[in-house]
Amino acid sequence: MKKYHILYSFILLTLISCTNQAKNELPSNFTEVKIPETFSKEWYELNHSNDDYLVKNENGQLIVKSIEPKNGTELKINGGKLIGKDYGEWGGELLFQSDDKKIKPLKIKEGNILKIYSVNNKIYFIEGIAHLSISEGGLFKLYNNQNNFTYKKLIHFPDAPEAFQMYKGKIYLASHKNFYVIEGNKESKIFEDEFWGSLYPNSIAVFDNDLVFIGMRSGIAKVNLKTKLINFYRENK
């Protein structure tokens, strides 16, 4: 009886292990490809693609969606919505549009607003621009007191931030060329001058302290923050 109990326990652990492994795998229609050298012919082809992919950790399952590129972001809040606009070198702005359409949009801040997030009932936005020799930005927290808005810059980046995700008290952020992990006021640059420069990361899916996926133009990057290993995948077409 003890022998069968041990065998049953082994099978159960094996099934659990296989299930957990399958959860963070990419869909079967994605294939690993060689990471292109920056400014190579292959890299330019990725840069000029119309394919953008969003990644998300949904109850431990990796979700990958094809999305339309856009130069704006919105977030519905009580009484209206926040609208972020990004016009590249021509600037941008952060606005509040009341549900009462008779009220004109309220300008909160000028700047290239890339993303607006709500995390744990707190609102954050990232601002940044990467154009020619300019690449910079910041992570901000937005405060709302009965539609009277103020904001505070939490972190300044010398490289334009593009996507971030919070996980167990840490911020995982992909910038134009780099990748950071931020805990409290301490920021650690994990990757620098990576191939996703000008592939515009749009989302991050965090599965644990080491395993992260980045959605971007033309494909998905699987990143191990511990081993510093990066794998790149493209959709089969």
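Refer to the structure printed above.
Cut-offs and rules
Residues numbered from 1 in each chain as written. Predicted model: local features only at pLDDT ≥ 70, side-chain atom pairs only at ≥ 80, totals over all residues. Heavy atoms only, no water. Helix = DSSP H or I, 4+ residues; strand = E, 2+ residues; numbered from the N terminus. Buried < 20%, exposed > 50% of the residue type's maximum accessible area, 1.4 Å probe, protein only. Lys, Arg positive; Asp, Glu negative; His and termini not counted. Salt bridge = Lys/Arg side-chain N within 4 Å of Asp/Glu carboxyl O. Polar contact = N/O pair within 3.5 Å; in protein donor to acceptor, adjacent residues only side chain to side chain. Contact = heavy atoms within 4.5 Å. Pairing = 2+ DSSP bridges. Axes fitted to C-alpha atoms, helices over the stretch in contact; angles between N-to-C directions.

Here's the deal with the side chain of D159
Working step 1: Take D159: it is sitting in the loop between strand 11 (148-157) and strand 12 (161-167).
Working step 2: Buried charge D159 goes without a salt bridge, the closest partner of opposite sign being K177 at 6.5 Å.
Working step 3: One polar contact links D159 to S175, side chain to side chain, over a distance of 2.5 Å.
Working step 4: Aside from chain neighbours lying at most four places away, what touches D159 is S135, E136, G137, S175, H176, K177, N178 and Y180.

A closer look at the sheet that holds strand 14 (residues 179-183)
Strand-to-strand pairing in sheets goes through backbone hydrogen bonds, with the strands running parallel or antiparallel.
Working step 1: If you trace the four strands from one edge of the open sheet to the other, you get 12-13-14-15, paired in antiparallel fashion. In this open sheet, the two edge strands, each paired with only one partner strand, are strand 12 and strand 15 (186-191). On average, adjacent strands in this sheet sit at an angle of 20° to one another, irrespective of strand direction.
Working step 2: With five bridges joining them, strand 13 (residues 170-175) and strand 14 adopt antiparallel strand pairing. Bridge pairing in strand 14 links A174 to F179.

Thoughts on the sheet that holds strand 4 (residues 72-77)
Working step 1: Spatial strand order, 4-5-6-7: four strands in an open sheet with antiparallel pairing. If you trace the sheet from one side to the other, it starts and ends with strand 4 and strand 7 (106-110), each paired once. Taking the axes of each pair of neighbouring strands and ignoring which way they run, one obtains an average angle of 15° across the sheet.
Working step 2: Across four bridges, strand 6 (residues 92-98) lies against strand 7 in antiparallel orientation.

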